[in-house]
Amino acid sequence: MQSDVREMILKGISGSPGICIGKAYLVDKEGVDVIEKYSISPEAVRKEVDRFKTAVTKARNELEDTIKRVPEELRHHAAILETHLLLHKDKMFYGKIIDMIKIRMINAEWALKETTAQTKAMFNDISDPYLKSRAADIEHVAERIMGNLVGIKAVNIAGIDKRVILVAHNLSPAQTSQIQLEKVMGFITDRGGRASHTSIIARTLEIPAVLGLDNATSIIKNDNIIIVDGTAGIVIVHPEEETLIRYDELAKKYAQRKADILRTSVRPAESIDGQAFSIMGNIELPEEVVAVKDHGGDGIGLYRTEFLYMNRDTFPDEQELFNQYKEVAELMYPQPVTIRTLDVNGDKAILGMETPDEANPALGLRAIRFCLQKPGMFKTQFRAILRAAAFGNVRVLLPMISGSEEIHETLKIIDQAAESLEKDGFPYNRNIKTGIMIEVPSAAIIADQLADMVDFFSIGTNDLVQYTLAIDRGNRQVAYLYNTLHPAVIRMIKFVVDAGKKKQIKTFMCGEMAAEIFNLPILMGIGIDALSMAPQSIPSVKNMIRKISVSESRLFLKEVLKQTSAADTMQLITDTYGKTLTNGIYHT
Ligand code: PEP
Ligand code: MG
């Protein structure tokens, strides 16, 4: 069957740069069964908790069985399984999951997934090897329980246990985010495009991906050797010896290039014509400060503070918040740390008892709206922030502002927090810069007015795109419409930056749009002052900025503003900056 083994090149869309060579792992044509999040009714909570407990008991019994079957001479190897067994009895871990099911009224699979991720994240950035290995243990235990919850039929990306390249008809962002880096080298899909969230996640994970291949799942069979060239957007099936050697070489060069770019990441991001841009990192946990520093971040442009409010029945107290904020501020000093106040609800419900029953949570009691209804809680957060500001270079950022009243009200609460700290005799710093997220179209449209009230803007494109284009950022049915290059989005960003400049305040960007190097010519042309992104994206963004001239990008922007669709704009970017971009993503 000669035709079966003939080398074949499939052309797709570059989703994420890089090269990987390995065995194909086919996910069924309609995509995998992944862990979806869904709400359960109050009456169903007990049943859901029982379902979870049954899955745990089953997993524990299976493990006990396995341990019993370990032959005597290999007994010492069973220690790891004994550790897992202990984890299966860990009340804290399960208690958290059960609480999450009860409080947030969500399905057991999701509660397990979230708790596992949070627990793992706590261990991940710790250098101590013992603690690190605990993270892997937790994952194994969770996988076993998950297997029982979802049933054996489900193909669970998180459960893949060999080094493979995923071949799928389609992968949603949720599915992609479950990829385990030690298992999945890269992925390819029939569907999807460059600006999809799936490719954003692939780039964040730094694994090669080619999307939009049309019929890869019909052509490629399980265990076929394939080469994924994520930079060129091609996949080679049944590569010949010569091709393998060539790509092996290319992969090495790519890795080298990436290492070189990482090495230069400590240098400032200065354009060809000498303009410096501040490139900062987005974090959720103090542990992530290390990643920002290692990738050459010039500060923290977005510290999402939701984490400490999750999985508990009460709000965290001031001391707990202060300890974390202070740690981050001190670690980063003298660089800035932008602490964003609590941004919950919407797609980030945290406390069931506090979560309103809303038909449209994204348009509901979210972020600043929720906080302003809980002034006591909000004041506690500000007291912690102002106290931490005495120990570093702290700024505060308010999410989801839609109008001036919200700013007025919040500033009052900040003043009250400062007054009470003064009375209590704590060291604090009231003199901190206060900024707002521009992520609701109404705020963008009145940016010229809001600029008088705050010290800086930070554009949150993840939500700005969602609200401007009326696309639920979590709904995959409309994900194809989610595009940061939509002319309306570009105009809005320009309007905000111009308004800021007129009033002499700086505009940053901390949404995903900032992390994609193909957007840089536009953002630099618009005159954005600073960008903040996932730490792994910092080196390539800095590197790319060094290859662009601001004065040229201003001329380029004029052309961009004439385009009437995102696709045309993308084409213009590729035509004008294609070569620079390709070089910028480590490829030779
Ligand atoms: C955004 O909306 O762009 C943003 C950065 O905030 P989040 O993703 O946390 O909503
Ligand atoms: Mg947002």
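Before going into details, it helps to say that this report is about the structure given with it. (Residues numbered from 1 in each chain as written. Chains lettered and ligands numbered in written order. Predicted model: local features only at pLDDT ≥ 70, side-chain atom pairs only at ≥ 80, totals over all residues. Heavy atoms only, no water.)

So, about the overall build of the chain. What the chain contains, in helices and strands, is 23 helices and 17 strands. In the chain, once contacts between residues fewer than 6 apart in sequence are set aside, the share between residues at least 24 apart is 69%. On the chain, roughly 25800 Å² of surface is accessible, and the fraction owed to carbon and sulfur atoms is 53%. (Helix = DSSP H or I, 4+ residues; strand = E, 2+ residues; numbered from the N terminus. Contact = heavy atoms within 4.5 Å. Areas by Shrake-Rupley, 256 points an atom, 1.4 Å probe, with all protein chains shown as cover.)

Further remarks concern the pattern of salt bridges. A side chain of one charge can pair with a side chain of the opposite charge if their charged atoms are brought near each other. All chains considered together, the criterion is met by 20 salt bridges. Through salt bridges that share partners, Glu306, Arg340, Asp343, Arg366 and Asp463 make up one connected network. (Salt bridge = Lys/Arg side-chain N within 4 Å of Asp/Glu carboxyl O.)

Before going further, it helps to examine the site of ligand 1. Around ligand 1, a shell composed of 15 residues is seen, among which Arg304, Arg340, Gly460, Asn462 and Arg473 lie nearest. Here Arg304 contributes a side-chain N or O atom positioned 2.7 Å from an oxygen atom of ligand 1. One of the backbone N or O atoms of Gly460 is found 3.4 Å from an oxygen atom in ligand 1. Taking 290 Å² as the accessible area of ligand 1 by itself, protein coverage stands at 98%. Contributions of two or more residues to the shell around ligand 1 are made by strand S11 (300–304) and helix H18 (461–468). In terms of residues, the shell around ligand 1 owes the most to one element, H18, which gives three residues. Residues of the shell around ligand 1, tallied by class, amount to three nonpolar, four polar and eight charged. (Near = heavy atom within 4 Å. Polar contact = N/O pair within 3.5 Å; in protein donor to acceptor, adjacent residues only side chain to side chain. Nonpolar A, V, L, I, M, F, W, Y, C, P; charged D, E, K, R; others polar.)

With that out of the way, let us pick up the pairing of strand S8 (residues 234–237). Where burial is concerned, the two faces of S8 agree: the one with Ile234 and Ile236 and the one with Val235 and Val237 are both buried. Both strand S1 (residues 8–11) and S8 contribute to a ladder of four bridges, which runs antiparallel. Bridged to Lys11 within S8 is Ile234. Alignment of strand S7 (residues 225–229) against S8, held across four bridges, turns out to be antiparallel. The partner of Asp229 across the bridge, within S8, is Ile234. Counting the residues that bridge the hairpin from S7 to S8 gives four residues, and of these Gly233 lies at a positive phi of roughly 75 degrees. (Buried < 20%, exposed > 50% of the residue type's maximum accessible area, 1.4 Å probe, protein only. Pairing = 2+ DSSP bridges.)

Protein coordination of the magnesium ion (ligand 2) is provided by Glu439 (OE) and Asp463 (OD), with donor distances spanning 2.0 to 2.2 Å. Taken together, the residues Glu439 in the loop between strand S14 (433–438) and helix H16 (441–445) and Asp463 in helix H18 connect sequence positions 24 residues apart. Exposure class is identical for Glu439 and Asp463. Each is buried. (Donors = N, O, S within 2.8 Å, 3.2 Å for Na, K, Ca; no water.)

Between its first and last C-alpha atoms helix H10 (residues 241–264) spans 35 Å; for 24 residues at 1.5 Å apiece the expected length is 34 Å, and the two agree. By the burial criterion, the buried members of H10 are Thr243, Tyr247, Leu250, Tyr254 and Ile261. (Expected span 1.5 Å × (residues − 1).)

A complete count under the given rule lists eight aromatic pairs for this structure. Residues Phe378 and Phe382 carry aromatic rings whose centres are separated by 4.6 Å and whose planes lie at 45 degrees to one another, so their mutual orientation is tilted. You can see Phe378 and its partner Phe382 sitting in helix H14 (residues 375–388), four residues apart, about one turn around the helix. With relative accessibility at 1%, the residue Phe382 sits in the buried group. Within the aromatic cluster, the residues linked to one another by ring pairs are Phe52, Phe93 and Tyr94. In this structure, Lys326 is placed above the aromatic ring of Phe391, and the distance from its NZ or CZ to the ring centre is 4.9 Å. A cation over a ring is seen here: Arg387 above Phe426, with NZ or CZ 4.1 Å from the ring centre. (Phe/Tyr/Trp six-rings, centres within 6.5 Å; stacked < 30°, edge-to-face > 60°. Lys NZ or Arg CZ within 6 Å of the ring centre and 35° of its normal.)

Within S11, five of the five residues are buried, which leaves it mostly tucked inside the rest of the structure. As paired elements, strand S10 (residues 276–283) and S11 share three bridges and run parallel to each other. In the sheet register, Ile283 faces S11, and the bridge partner there is Tyr303. Examined bridge by bridge, S11 and strand S12 (residues 336–340) share three bridges and lie parallel to one another. Residue pairing for S12: Arg304 is matched across the bridge by Arg340.

Read from one edge of the open sheet, eight strands run S1-S8-S7-S3-S4-S5-S6-S2, paired in mixed fashion. Across the chains shown, the open sheet's two edge strands, defined by having one partner strand only, are S1 and strand S2 (13–16). Neighbour-to-neighbour, the strand axes of this sheet turn through a mean angle of 30 degrees, independent of strand direction. This element, H10, spans strand S3 (19–26), S7 and S8 of the sheet and lies at about 120 degrees to S3. (Axes fitted to C-alpha atoms, helices over the stretch in contact; angles between N-to-C directions.)

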